[in-house]
Each structure stands twice: as structure tokens, then as C-alpha cells.
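Residue-level structure breakdown
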Amino acid sequence: MKPCLFLAIETSCDETSVAIFDEQLHVKANVIASQTKWHERFGGVVPEVAARAHMELLTPTIAEALSTASISMKQIGAVAVHHGPGLAGALLVGLSSAKMIALGLGVPLIGVNHVHSHLYACRMSAGRDIFPCVGMVVSGGHTILFDCESALQMKRLGGTIDDAAGEAFDKVANLLGLGFPGGPALEKEARLGSPKAYSYPRSFIHEERLDFSFSGLKTAVLYSIAPPGEKLNLVKIDALSRANMAASFQEAVVDVLAVKCLQALKRTGRKRLAVGGGVIANNCLRDRLATQCSRLEIDLFVPQKDLCTDNAAMAALAVEYWKEQRFSDLSLDVCSTVY
Ligand code: KG4
Ligand code: ZN
């Protein structure tokens, strides 16, 4: 295999990220410019604001990645880009820049699916092959189970019919007044409470279908704060109830995710499980899956913490396309539809 340096761009949501890696998956830079300060006053990601922030942040982020890797643009041999799924305007910023760089340098362009990359982050952290496996992506935009024959062959087994797991964390954190981004804040709050204090619903847990639903859970938390008819903004939650609600909500999400992974492993007969996406940064979920998998002699692969949430290094999935000389052309479009 001839050596090649890749430049990868991620702009699907609210992180502007640029990575440099080689064909051996050695990451030389993975710079992530957070847009939190752009969005926090709105309590969530505003698509138009995200696109504008990417426009401002992308060029300096590319410069920082090249400087961290101590290389010049001329040494880049291929350009990888997440072209979807995600916010259309945000994706367009990264995709147009990637096309321009590839065209200017005369090197291949490789479009990569952001959701598949979240699973490839497990491969990167493992340092060895993880396929074939069952893959679960739990992020702010997606909650999907895959049967993964290889890095390039991922068949969808099921997914959420409403909110994604990360979205539920964010919305419930917001209800509890824990701020933005909600996932890490809710996890911290949950440490102070009891997971058994509230009995929240666990949708589809006794059904064979490999789908998820988190909107009923979110409503159940809402009703435990303010029963139907009462105004939420007039309710004061005491500290213990808030912590108990956070812990009980987290427990319900973890229960559902863990059971659905088991069902998918059973259905496919796979002996390996890979879990990617922002929510797998959650220690309660990591610990539960680790215990469950070791009991059943399943190999569990999760990304190191900095590869869980959105980043460009996970677009090293492009190396697999590059090995097969599967390149994109300049007609590559953004794919903004939910997977
Ligand atoms: O993968 P990601 O960065 O973005 C998408 O592709 O959507 O995931 C972000 C999501 C957010 O919803 C965030 O609240 C959640 O991951 N998240 C967490 C934790 N860290 C991030 N959820 C629960 N516990 C965490 N520690
Ligand atoms: Zn993501």
C-alpha cells in the first residue's frame, strides 16, 4: 500500500472539525472547533447559525490541523468529507471546501457517511479489525442498529421512530434546567440521584422489533415535573427530585439501549458489538454494555472519549474506500435526510 496523507472535514452539525491521518489510520491532527457559544443562548443548534459559524471557523481549523500535523497542504494525497446526513447548509460548507481543495491539489475526493464514521471510530480506537459486528450509533441526530458485514457494508436493522437518544438527553436536560449541551450535564446530575426513584417507560423493550422511541420517556419526565395542566415555568424542582429524575431517565435510556443491542446480537448471531456516537461518552452506558458483553462473551468496541462526539478523524473510514479506489466525483451532493 503506497503511503497517503488524508485531510478530512466534518461540518454536519455544530462542530467544525478537520483531521489529518495516514493510510495506516495514524491520526496526526484532529482539531475540533466547538460552536457551543454560538448556540447556547438559543438552547439548541440553530441550522443557519451553524452554517455561518462553519464558514468562519473552517479555514482557521484547516490551518491549525496542518500546523499540528507539521505538514503543508501540498503533502495531502486525498480529501475526505462527511457529506451527510446532517444539516444541509452546514454540510454544504464542508463539502464545497473539500471539493475545492481536492480539485486544486488534483487529488481524489472521498465522500463518507457521517453515521457510518461514528462506528468506524470504534475501529480506530480498537487498533484492530472489529468487523463483522453489530453496530449501534447513538448520537444527537441518530439512534440506529446495523448489521455490519464490513466497514463498507452496513445494513440497517432498525432505529428510532421519533427522538434520537442524544436528543432525548438534550431535551430532558433542558426541562430540568441543566443547560446546553445537555448530555454531559445530565450525566453529572444523575450521579447525585437514584435510578430507581421514578419508574419511566422503556418503549419496545419487550418487543422483538429493533426500533426505539424516546418521546414518551421525555413526556413522562415532563409530567413528573409538572402534571398535565400545570405550567412548567411556575414549577420549582427541588435538588433531590431533579437528581432523581436525571438518574431515573438515564437508567431508562441505558436499559433500552442495552436490551436492543442484545436482541440485535441474538438476531444476527454476531459475537462483536461496536457502539459509536456522542451518547456512548456516557459512563453509565459504557459500564452497562461492558458488564453485559463480558457476561455473554461478546467483544465490545467503543471509541475513546474524544472520538465519541463529532470529529473529523472518524472520517478515516475514507481509507477503506481509498484502498478499493472508490472515489467521489465533483457532482457529490449533500445528503441531509435522516438515515
Ligand atoms: O455524535 P454527536 O456529537 O452528534 C451527532 O452526530 O448528533 O452526539 C451529540 C449528542 C448530544 O445529544 C449530546 O447531548 C450527547 O451526544 N452526549 C451525551 C454525553 N455526551 C454527549 N449524552 C449522554 N451522556 C453523555 N456523557
Ligand atoms: Zn455525529
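Residues numbered from 1 in each chain as written. Chains lettered and ligands numbered in written order. Predicted model: local features only at pLDDT ≥ 70, side-chain atom pairs only at ≥ 80, totals over all residues. Heavy atoms only, no water.

**Focus on the packing of helix α2 (residues 47-69) against helix α3 (residues 88-105)**
Quick note on the threshold: Fitted lines through C-alpha atoms serve as axes, helices being fitted only where they are in contact, and the angles separating the N-to-C directions of these axes extend from 0 to 180 degrees. Secondary structure elements are taken from DSSP: a helix is a run of H or I of four residues or more, a strand is a run of E of two residues or more, and numbering for both begins at the N terminus. For any pair of crossing helices, the crossing counts as left-handed if the nearer helix is rotated counterclockwise from the farther one by less than a right angle, and right-handed if it is rotated clockwise. By definition, residues are in contact when any of their heavy atoms lie within 4.5 Å. Residues are grouped as follows: nonpolar covers Ala, Val, Leu, Ile, Met, Phe, Trp, Tyr, Cys and Pro; charged covers Asp, Glu, Lys and Arg; every other residue, Gly included, is treated as polar.
Between α2 and α3, whose axes approach to 8 Å, the crossing angle comes to 35 degrees. For the pair α2 and α3, the crossing hand works out as right-handed. Packed against α2, whose contacting residues are A51, H54, M55, L58 and I62, the element α3 presents G89, A90, V93, G94, S97 and I101 at the interface. Looking at the contact of α2 with α3 residue by residue, the class counts come to seven nonpolar, four polar and no charged.

**Remarks on the site of ligand 1**
The following threshold applies: By convention in this text, a residue qualifies as near a molecule or strand provided that one of its non-hydrogen atoms is within 4 Å of it. As used in this structure description, the phrase polar contact means that two N or O atoms lie within 3.5 Å; if the pair is within protein, one of them must be able to donate a hydrogen and the other to accept it, and residues adjacent in sequence are counted only when both atoms belong to side chains. The Shrake-Rupley method, run with a 1.4 Å probe sphere, supplies the accessible areas, and residue values consider only the shown protein chains as cover. Using only the protein atoms, space was sampled on a 1 Å grid; points where a 1.4 Å probe fits but cannot get out form cavities, open sets with protein on both sides within 12 Å along at least five of seven lines form pockets, and lining residues are those with an atom within 4 Å of a point. A molecule is counted as occupying a cavity or pocket when more than half of its atoms fall within 2 Å of that pocket's grid points.
The environment of ligand 1 is made up of 19 residues, and the closest members are G140, G141, D170, E187 and D310. Residue S139 places a side-chain N or O atom 3.5 Å away from an oxygen atom belonging to ligand 1. For ligand 1, the accessible surface in isolation is 560 Å², of which the surrounding protein chains cover 89%. Comparing atom positions with the cavity grids shows ligand 1 to sit within the largest pocket.

**Concerning the coordination of the zinc ion (ligand 2)**
Rules: Sites may look incomplete, because water is not among the atoms used; the donor set itself consists of N, O and S atoms within 2.8 Å of the metal (3.2 Å for Na, K and Ca). Here the metal geometry follows the donor angles, with tetrahedral for four donors whose angles all fall between 85 and 135 degrees, square planar for four and octahedral for six when opposite donors are more than 155 degrees apart and every other angle is between 65 and 115, and irregular for all the rest.
Taken together, H114 (NE2), H118 (NE2) and D310 (OD) make up the protein donors of the zinc ion (ligand 2), found 2.0 to 2.1 Å from the metal. What the four donor atoms of the zinc ion (ligand 2) show is an angle range of 97 to 129 degrees at the metal, which sorts the shape as tetrahedral.

**Topic: the layout of surface pockets**
Convention followed: Grid points are joined across faces, edges and corners, and a volume is the space filled by probe spheres set on the points.
Size it by volume and the largest pocket reaches roughly 1,200 Å³. Together, 41 residues line the largest pocket, and D14, S139, G140, G141 and D170 are the ones closest to its centre. Counting only elements with at least two residues in the lining of the largest pocket, the list comes to α4 (114-126), α5 (165-175) and α6 (182-190).

**A look at the sheet that holds strand β2 (residues 15-22)**
Rules: Two strands are said to pair when DSSP picks up at least two bridges between them.
With respect to topology, five strands assemble into an open sheet ordered β3-β2-β1-β4-β5, the strand pairing being mixed. If you trace the sheet from one side to the other, it starts and ends with β3 (27-34) and β5 (109-113), each paired once. Averaged over all pairs of adjacent strands, the angle between strand axes in this sheet comes to 20 degrees, irrespective of strand direction. Contacting β1 (5-10), β2 and β3, α2 runs over the sheet at an angle of about 25 degrees to β2. The strands touched by α4 within the sheet are β1, β3, β4 (78-84) and β5, with β5 carrying the most contacts at an inclination of about 90 degrees.

What is shown is where atoms sit, not what they do.
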